[in-house]
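Chain and residue survey
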Amino acid sequence: MYLFISPWLFGFLLFALYPILSSLYYSFTNYDIIHPPKFVGLANYSEMFHDDLFWKSVTVTLKFTFISVPLQLLLALGFALLLNQKIPMRGFFRTAMYFPSMVSGVAMSLLWYWIFNPQIGLFNYMLSWFGIHGPAWLMDPDTALYALIIMTFWTAGSGMILFLAGLQGVPASLVEAAKLDGAGRFKTFIHVVLPMISPVLLFQLIMGIIDSFQVFTQAFVMTQGGPNYSTWFYVYNLYTSAFKEYRAGYSSALAWILLIVVMLFTAIIMKASNRFVHQEGGGRK
């Protein structure tokens, strides 16, 4: 048995565990990749809390998270509710909604870079139909982050598929019982359907927050963190520290802070979920 799992075990030790432990060690060192690391204790962690770019990246990332994640969940749930109905060409629309989620991050970023182009982009062209002069989007510090938030709606199809699976798992007997008791569609959804799909909602909320904390491709391809640091995401700041400033020790410290924050948010959400997540056969958690 050990012979069969040895390739995976070797790969895990070499390409996963060793880099993780190495980054933990480097986070306590001054390491520029070229010269040997020099132990500096907690200096990297102390420095980041006095670094304006660190706090800027935290602000941008949190703002992106708290706006984009709820909107994505609502959009995905709305499409799932619609495509769970018996409508013509339902299979086609489900596939069409999910298909954009399969496009690579770089290709998607290049496509949306053209869409948000203020002169020849599709978005401003459509706004001109209504006599609206569109903004500069990615070239304006006031709108660049919101443009990237709008871009996240492109991948709502992946969340829609999960919600759709959850909706199809709701027992029809419960829905029928609610109707017999005189509940309308809205009350049935709030008191029957929503509690039954709450585990799916919890999963997507956690995964959405984790993904939003790791936004990088859009900023790297489309804005380079600008204009005026308006899209200076946390992971882009980490990348810049590691591969442009060659501060591997400092970037490792940033990575471990990100891990701690993600674990903290996940723990808080899991703790709060005791009040609203329905578990089959056991009521709420």
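In what follows, the structure referred to is the one given above.
Right, let's get into the overall build of the protein. Scanning the protein from terminus to terminus reveals 14 helices and four strands. Its C-alpha atoms put the protein at 75 × 60 × 40 Å along the principal axes. The centroid of the 15 positive side-chain charges in the protein is displaced by 13 Å from the centroid of its 11 negative side-chain charges.

Mapped onto the elements, Ser68 comes out in helix 3 (residues 52-83). Looking at Ser68, the relative accessible area reads 1%, which means it is buried. Among the polar contacts made by the side chain of Ser68, one reaches the main-chain carbonyl oxygen of Phe64 at a distance of 2.6 Å. When neighbours within four sequence positions are excluded, Ser68 is seen to be in contact with Ile149 and Thr152.

The tally for this structure, following the rule as stated, stands at one salt bridge. In this structure, the salt-bridge partner of Arg247 is Glu47, at a minimum N-O distance of 2.6 Å. Here Arg247, found in the loop between helix 13 (234-243) and helix 14 (248-272), pairs with Glu47, found in helix 2 (residues 43-48); they are 200 residues apart in sequence, far enough to count as distant. Assessed through its relative accessible area of 26%, Arg247 is described here as partly exposed.

Turning our attention to the packing of aromatic side chains. Under the defined criterion, the tally for this structure stands at 25 aromatic pairs. Arranged with centres 5.6 Å apart and planes meeting at 45°, the rings of Phe28 and Tyr45 form a pair that is tilted. Remark: Tyr45 occurs in helix 2 and Phe28 occurs in the loop between helix 1 (2-26) and strand 1 (29-30); sequence separation between them is 17 residues. The exposure class assigned to Tyr45 is buried, which follows from its relative accessible area of 13%. Where Trp232 meets Tyr236, the ring centres are 5.1 Å apart and the plane angle is 85°; that geometry is what we call edge-to-face. The exposure class of Trp232 is buried, given its relative accessible area of 9%. Here the aromatic cluster, defined as three or more aromatic residues joined through ring pairs, consists of Phe216, Phe220, Tyr229, Trp232, Tyr236, Tyr239 and Phe243. Sitting over the ring of Tyr250, Arg247 keeps its end group 4.5 Å from the ring centre.

As for its position among the elements, Tyr246 is in the loop between helix 13 and helix 14. Residues Tyr246 and His133, 113 residues apart in the sequence, show an inter-C-alpha distance of 43 Å. Other than its neighbours up to four places away in sequence, Tyr246 contacts Tyr31, Asp32, Ile33 and Ser241.

If you look at the biggest cluster of nonpolar residues, it comprises 40 residues, and the most contacted ones within it are Met48, Phe54, Phe163, Tyr234 and Leu254. Secondary-structure elements contributing two or more residues to this core are helix 2, helix 3, helix 8 (156-168), helix 9 (172-180), helix 10 (185-196), helix 11 (198-213), helix 13 and helix 14. Among residues more than four places away in sequence, those in contact with Phe54 are Met48, Phe49, Tyr234, Asn237, Tyr250 and Leu254. Listed in part, the 20 residues of the second largest apolar core include Leu148, Ala219, Trp232 and Tyr236.

With that settled, the discussion passes to helix 3. Helix length check: helix 3 (32 residues) gives 46 Å between terminal C-alpha atoms against 46 Å at 1.5 Å per residue, within 8%. Put simply, Asp51 is the residue that caps the front of helix 3, since its side-chain oxygen is 3.0 Å from the backbone nitrogen of Leu53.

With that out of the way, let us pick up unusual backbone geometry. Among all residues except glycine, the phi angle is most often negative; among peptide bonds, the trans geometry is most common. Of note, the amide linkage connecting Gly226 to Pro227 takes the cis form, showing an omega dihedral of -10°. Tracing the chain through its elements places Pro227 in the loop between helix 12 (217-223) and helix 13. Although it is not a glycine, Asn228 sits at a positive phi angle of roughly 55°. Relative to the helices and strands, Asn228 is located in the loop between helix 12 and helix 13.

With that out of the way, let us pick up helix 5 (residues 105-115). Among the residues of helix 5, Met108, Ser109, Trp112 and Ile115 are the ones counted as buried. Buried residues of helix 5, seen end-on, are gathered within an arc of 115° and therefore sit on one face of the element. Where helix 5 is buried, its residues contact helix 6 (122-128), helix 7 (144-152) and helix 12.

Among the structural elements, Ser198 can be located in helix 11. Since its relative accessible area comes to 3%, Ser198 is described here as buried. A distance of 2.6 Å separates a polar side-chain atom of Ser198 from the backbone oxygen of Pro195.

Another point: a nonpolar patch on the surface. A contiguous nonpolar surface patch, about 980 Å² in accessible area, is contributed by Leu111, Trp114, Ile120, Leu122, Tyr125, Met126, Trp129, Phe130 and Ile132. The set of elements that each furnish at least two residues to the nonpolar patch consists of helix 5 and helix 6. Tallying contributions element by element places helix 6 first for the nonpolar patch, with three residues. One can find Met126 in helix 6. For Met126, a relative accessible area of 38% puts it in the partly exposed group.

Basis of the calculations
- Along every chain, residues carry numbers that run from 1 in the direction the sequence is written.
- Predicted model: local features are reported for residues with pLDDT of at least 70 only, side-chain atom pairs are reported and counted for 80 or more only, and whole-chain, interface and lining totals are derived from all residues.
- Working from all heavy atoms in the structure, the side-chain values ignore hydrogens and water.
- In DSSP terms, a helix is any run of H or I states spanning at least four residues, a strand is any run of E spanning at least two, and both are numbered starting from the N terminus.
- This count recognises Lys and Arg as positive and Asp and Glu as negative, with His and chain-terminal groups excluded.
- To locate a charge, the coordinates of NZ of Lys, CZ of Arg, CG of Asp or CD of Glu are taken.
- A 1.4 Å probe rolled over the protein chains alone gives each residue an accessible area, and that area as a share of the maximum for its type sets the label: buried under 20%, exposed over 50%, partly exposed in between.
- Pairs of N or O atoms are called polar contacts if they sit within 3.5 Å, as long as, within protein, a hydrogen donor faces a hydrogen acceptor (for residues adjacent in sequence, only side-chain-to-side-chain pairs).
- By the convention used here, residues are in contact when the closest approach between their heavy atoms is within 4.5 Å.
- The salt bridge definition used is simple: a Lys or Arg side-chain nitrogen within 4 Å of an Asp or Glu carboxyl oxygen.
- For this analysis, a ring pair means two rings from Phe, Tyr or Trp (six-membered ring only for Trp) whose centres lie within 6.5 Å, classed as stacked if their planes differ by under 30 degrees, edge-to-face if by over 60, and tilted for the remaining angles.
- Counting as a charge over the ring demands two things of the Lys NZ or Arg CZ atom: a distance within 6 Å of the ring centre and an angle within 35 degrees of the ring normal.
- We define a nonpolar core as any set of buried Ala, Val, Leu, Ile, Met, Phe, Trp, Tyr and Cys residues linked to one another through side-chain atoms lying within 4.5 Å.
- By this rule, a helix spans an expected 1.5 Å times one less than how many residues it contains.
- Each C-beta atom gives one direction from the helix axis, and the arc is the one those directions make.
- The residues that make up patches have over 30% relative accessible area and no salt bridge, and they are joined within 9 Å when like-charged or within 5 Å when they are Val, Leu, Ile, Met, Phe, Trp or Tyr.
- Residue burial considers only the protein chains on display, and all accessible areas are found by Shrake-Rupley using a 1.4 Å probe.

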